[in-house]
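# Remarks on the overall topology
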Amino acid sequence: MFSASSERRHTFAGSALRGAGLIDKDKERDKDRDTRMTDASAGGAKRTAKVRSHAHKTHGIKDPGTSSRASLLAARLSGSASPVSIRGASKQSSSTSRLPRRVDPNRRGPISPSQTSISQRSVDVWREFVQKRWNPDAQFLNLEHIATDETLKKLERPLGVPSPKEAAVIFKLASQLKPEVLSISLANNNFTTAHPLQTLSHYLPGLRNLSLANNKLRLWKDLDYLSARKGKFLHLKELVMNGNPMREGELTNGKLDKYRAEVLRRFPTLELLDSEVVFKIDFDLPGPSAVPAPSSGQGPTSFPVQIAPGLIAPGMQAFVAEFLTKFFTIYDTSRMSLADVYGPVASFSFSANTSIPPRARIQGHHNSAAMPNQKKLEWTPYIAHGSRNLSRVNTLARAEKSLHTGPDEIVGKLTSLPGTRHDINAQEKFVVDAWPVQGVLPLPGDASTVLFITVHGQLEEEPSHGIRSFDRSFILAPAADGSRAKLHGWPVVILSDQLVIRAYSSHEAWMPGPIRMPPQESIPISHPTPLPSQPQPTLLNLPLPPQTQQQIASDPALAPLAEPQRLYVIELSARTGLNAGFSIQCLEGNGWDPQKALANFEAVRANLPREAFM
């Protein structure tokens, strides 16, 4: 029989061995089961012998007599004794070899623990990639076509769609860039889900512009990984989703409004969606000098001044036509040759205006089956190469750097822009104004005169063959005898060249004739009243179910509001069905007076888009 102290010692030793992984627990359970079966059939004497035999076989330790079993066990657990001397213990080279092996469903065989993390060498490769794709002047990070990037061929695994862990590394590296990243393009990366992008808002919470174009996002839940409803991307102004099945499918089924509503419900701060302006409710109150509307409530349908044809100063029509024909022909075929016509101190800048004009949006040019190439157009080549759109260029340094001077620098920038083709034979597609101004240059007589030329027209962009509209302004001066321009057949030099690339809006915009305007109704609203300093009783007299209050109150747009304002937003949303963002717009435009806001809503509700509602 074992003494009590002996039983306790065996219990302690067995527990220690099991905790160290040196006893096979399954075999021990089998032996325990055999012991119980023997006890039931042979009685207590055999049970005692069985237990003694079982304990001896399990531990397999021959006591030398001079050292205690407990000290030997402690030595072996501390690594001083070889585990081979313990029966049943397998050789382990390291503790990590006891970790359970995970199986990747996309590959055969187990993944070793070393494959579950990204090595420092891979991080260095990703850092080099991010630095190469970073444009600090535009605060733009180009992450398109990741799988084909030459730098990433140095990685330890084949290129493909970034995993969530790799994407997190990229975004963390991007968060360390200076100045702050404001625009990112993740287009053309074959993302089938936005799950790998869920850490993007964590590392870049101030992102303003995001392109996910030409991926394979199909489900609305994919956007929920990025949704502002979860407190993400509260400053996002532009989102591009062209080329994704979720958008193209709705477009094919004639449900573009549903698509826009779903996206804007998730990103209420957007101002541009797929390069189209997001409609905002104009709830602003008129000033005290506003002109009262006619008693009938029907506004004029045309502007009192008609559109006139282009204005060219007398005697200059032939010269202007010759200059523009020659310039655009060379611009389309051999831009390097234009270095001859730019003066030594000439300046050039370009800007991309990505918003679609309301007229073009109504006419549906950018979704028309008659113009399928419009969907292939991308703004990245312009934004990445230094667009000087001053509504986005927010620092003086960037504004200065995007202004190019001298023939060589100008031509270098011109050649970096997409190829074009101007159909100069279709005169109706262009409108030109030109006029001289004397005394501009510090030269005597006619030499002080400069010629201003403005051109509005359209061009075909290569290689997509999509159509864009453009505005171009020149300031020309007479070329001096013996100058580079004169020697190459240019009678003038360009002092200034400004180019604006716009979304296509059709040449009908400048056709001579009346300017048509949609009928408008005047909404008589009184002047705003001060916001009460204390919460006031409900003015809409609307009982709100708790579930409705909770749904509206959880919207992130309410977070910065004071308590009285939050109360008014919840009430107006419940009464009108407007989402929180549009309710705030309505209340702000009406001096936070709920009754006036409700009256304003009733007056304009027929013109509100679907995305304005919950």
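Anyway, here's the lowdown on the structure attached to this text. In this text, all values refer to a predicted model and were calculated from it rather than measured experimentally.

## As for helix H18 (residues 580-589)
Taken across its 10 residues, H18 has seven buried, putting it largely inside the fold. Three or more residues of H18 are buried, namely Ala580, Phe582, Ser583, Ile584, Cys586, Leu587 and Gly589. Put simply, Asn579 is the residue that caps the front of H18, since its side-chain oxygen is 2.9 Å from the backbone nitrogen of Phe582.

## Overview of the environment of Phe267
Within the secondary structure, Phe267 is located in the loop between helix H9 (256-266) and strand E8 (272-273). The buried category is assigned to Phe267, whose relative accessible area is 2%.

## Quick word on the sheet that holds strand E7 (residues 238-240)
On the basis of which strands lie adjacent, the open sheet formed by seven strands has the order E3-E4-E5-E6-E7-E8-E9 and mixed pairing. Both outer strands of the open sheet, strand E3 (134-135) and strand E9 (276-277), are each paired with one neighbouring strand and no more. Judged from the three bridges that link them, strand E5 (residues 183-185) and strand E6 (residues 209-211) form a sheet pairing that is parallel. Pairing of Ser183 across the sheet is with Asn209, part of E6.

## Quick notes on the nonpolar core
Ranked by internal contacts, the top residues of the largest apolar core, which has 45 residues, are Ile184, Leu186, Leu210 and Leu239. Put simply, the parts of the chain that give this core at least two residues each are helix H4 (120-133), helix H5 (164-175), helix H7 (220-224) and H9. Sorting elements by how many residues they give to this core places H5 first, with six residues. Apart from residues lying up to four places away in sequence, Ile184 is in contact with Phe140, Leu141, Leu143, Leu200, Leu204, Leu207, Asn209, Leu210 and Ser211. Among the nonpolar cores identified, the runner-up in size contains 43 residues, and Phe350, Ile383, Phe470 and Ala477 belong to it.

## Describing the packing of H4 against H5
Relative to each other, H4 and H5 sit at 55 degrees, their axes nearing to 10 Å. Here H4 is positioned oblique relative to H5, judged by the angle of their axes. Relative to H5, the crossing made by H4 is right-handed. On H5, the residues that touch Val123, Trp126, Arg127 and Val130 of H4 are Glu166, Val169, Ile170, Leu173 and Ala174.

## Focus: the packing of aromatic side chains
As enumerated under the stated definition, the model contains 14 aromatic pairs in all. Plain terms: the ring middles of Phe323 and Trp490 are 6.0 Å apart, the flat faces sit at 70 degrees to each other, and that makes the pair edge-to-face. Here Trp490 lies in the loop between helix H15 (484-487) and strand E16 (492-503) and Phe323 lies in helix H10 (residues 317-333), a separation of 167 residues in the sequence. By relative accessible area, Trp490 is classed as buried at 4%. An aromatic cluster is built from Phe323, Phe327, Phe328, Tyr331, Phe430, Phe470, Phe474 and Trp490, whose rings are joined through pairwise contacts. Its end group placed over the ring of Trp490, Lys326 keeps NZ or CZ at 4.1 Å from the ring centre. For Arg335, the ring lying beneath its charged end belongs to Tyr331, and the centroid distance is 4.0 Å.

## Overview of the packing of helix H8 (residues 245-252) against H9
Between H8 and H9, whose axes approach to 7 Å, the crossing angle comes to 145 degrees. Across the interface between the two elements, Met246, Arg247, Glu250 and Leu251 from H8 touch Leu256, Lys258 and Tyr259 from H9. Partitioned by chemical class, the residues of the contact of H8 with H9 number four nonpolar, no polar and three charged.

## Brief notes about the pattern of salt bridges
One pass over the full model with this rule turns up 21 salt bridges. One salt bridge in this structure joins Arg247 and Glu248, with 3.1 Å as the shortest N-O distance. Each member of the pair, Arg247 as well as Glu248, carries the same accessibility label: buried. When salt bridges with common partners are traced through the structure, they connect Arg247, Glu248, Asp274 and Lys375 into a single cluster.

## Observations concerning the pairing of strand E15 (residues 466-478)
The buried fraction of E15 amounts to 10 of the 13 residues, a majority that puts the element mostly inside the structure. Bridge count for strand E14 (residues 450-461) against E15 is 11 bridges, and the pairing is antiparallel. Pairing of Leu451 across the sheet is with Leu476, part of E15. Hairpin connection from E14 to E15: four residues lie between these consecutive antiparallel strands, with His465 at a positive phi of about 65 degrees. Of the strand pairs in this sheet, E15 and E16 are connected by 11 bridges, and their pairing is antiparallel. Paired with Arg468 across the strands is Ala503, a residue of E16.

Calculation criteria
- Residues numbered from 1 in each chain as written.
- Predicted model: local features only at pLDDT ≥ 70, side-chain atom pairs only at ≥ 80, totals over all residues.
- Heavy atoms only, no water.
- Buried < 20%, exposed > 50% of the residue type's maximum accessible area, 1.4 Å probe, protein only.
- Helix = DSSP H or I, 4+ residues; strand = E, 2+ residues; numbered from the N terminus.
- Polar contact = N/O pair within 3.5 Å; in protein donor to acceptor, adjacent residues only side chain to side chain.
- Pairing = 2+ DSSP bridges.
- Core = buried A, V, L, I, M, F, W, Y, C linked by side-chain atoms within 4.5 Å.
- Contact = heavy atoms within 4.5 Å.
- Axes fitted to C-alpha atoms, helices over the stretch in contact; angles between N-to-C directions.
- Parallel < 35°, antiparallel > 145°, perpendicular 65-115°, else oblique.
- Left-handed = near helix turned anticlockwise from the far one by under 90°.
- Phe/Tyr/Trp six-rings, centres within 6.5 Å; stacked < 30°, edge-to-face > 60°.
- Lys NZ or Arg CZ within 6 Å of the ring centre and 35° of its normal.
- Nonpolar A, V, L, I, M, F, W, Y, C, P; charged D, E, K, R; others polar.
- Salt bridge = Lys/Arg side-chain N within 4 Å of Asp/Glu carboxyl O.

Purely geometric stuff here, so don't read any function into it on its own.
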